[in-house]
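# Overview (structure and organization)
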Amino acid sequence: MTLKSEYHSVQRIIKNQERILMMIPIILAASSSTNIKLALGIGLVIFIVLFFKLLVGFLKFCLRHPFISLLFLIGGGLGLAFHFLLGVIVIIAVVCGGLVFFALDQFN
């Protein structure tokens, strides 16, 4: 076996391992119970709804108060506020998903 053929065989093995690693989340999602899927779905829906409300709220604020939003944009406060509120949205979605887990008795 030449060095070039060994290199190609190693590359094929690495690609196969990458494919297997990419399939793990799909396998875990397929093997989880319906209660877990329900809780994850509710958390995801809450996150999506709140995220779009945040985007619409920021657009409304920027269009209604262009001078203030320009000052915030220059000073960095607009990005800070957006990321802070995005973090709050993620926390709310995770807590709601956890409450659904708790309500469906998934914590044993």
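So, here's what we can say about the structure. The structure displayed is predicted, hence computed values, not measured ones.

### Quick notes on helix α3 (residues 66-75)
Counted residue by residue, α3 has 1 buried out of 10 residues, so it is predominantly exposed. Just downstream of α3, G76 is the residue with a positive phi angle, here 90°.

### Digging into the environment of G43
Counting through the fold element by element, G43 comes out in helix α2 (residues 34-64). Sequence separation of G43 and A93 is 50 residues, and the distance between their C-alpha atoms is 4.8 Å.

### A few points about the nonpolar core
Judged by nonpolar contacts, L54, F58, L78, F82 and I89 together constitute the single largest core of 5 residues. Counting only elements with at least two residues in this core, the list comes to α2 and α4 (77-103). If you tally residues by element for this core, the top one is α4, at 3 residues.

### Quick look at the environment of G98
Of note, G98 is situated in helix α4. What makes G98 partly exposed here is its relative accessible area of 24%. Sequence spacing of G98 and A39 is 59 residues, and the spatial spacing of their C-alpha atoms is 7.4 Å.

### Looking at the packing of aromatic side chains
The full count for this structure, using the stated rule, is 4 aromatic pairs. With a centroid separation of 5.9 Å and an interplanar angle of 20°, the aromatic rings of F47 and F51 are classed as stacked. One end of the pair, F47, and the other, F51, are both in helix α2, 4 residues apart, so they sit about a helical turn from each other. For F47, a relative accessible area of 25% corresponds to the partly exposed category. Overall, F51 belongs to the partly exposed group, its relative accessible area being 23%. Both rings, one in F61 and one in F72, keep their centres 6.5 Å apart while their planes meet at 20°; by these two values the pair is stacked. Of this pair, F61 sits in helix α2 while F72 is found in helix α3, placing the two residues 11 residues apart along the sequence. Judged by relative accessible area, F72 falls into the partly exposed class, the value being 40%. One aromatic cluster in this structure is built from F47, F51 and F52.

About the cut-offs
Residues numbered from 1 in each chain as written. Predicted model: local features only at pLDDT ≥ 70, side-chain atom pairs only at ≥ 80, totals over all residues. Heavy atoms only, no water. Buried < 20%, exposed > 50% of the residue type's maximum accessible area, 1.4 Å probe, protein only. Helix = DSSP H or I, 4+ residues; strand = E, 2+ residues; numbered from the N terminus. Core = buried A, V, L, I, M, F, W, Y, C linked by side-chain atoms within 4.5 Å. Phe/Tyr/Trp six-rings, centres within 6.5 Å; stacked < 30°, edge-to-face > 60°.

What is shown is where atoms sit, not what they do.
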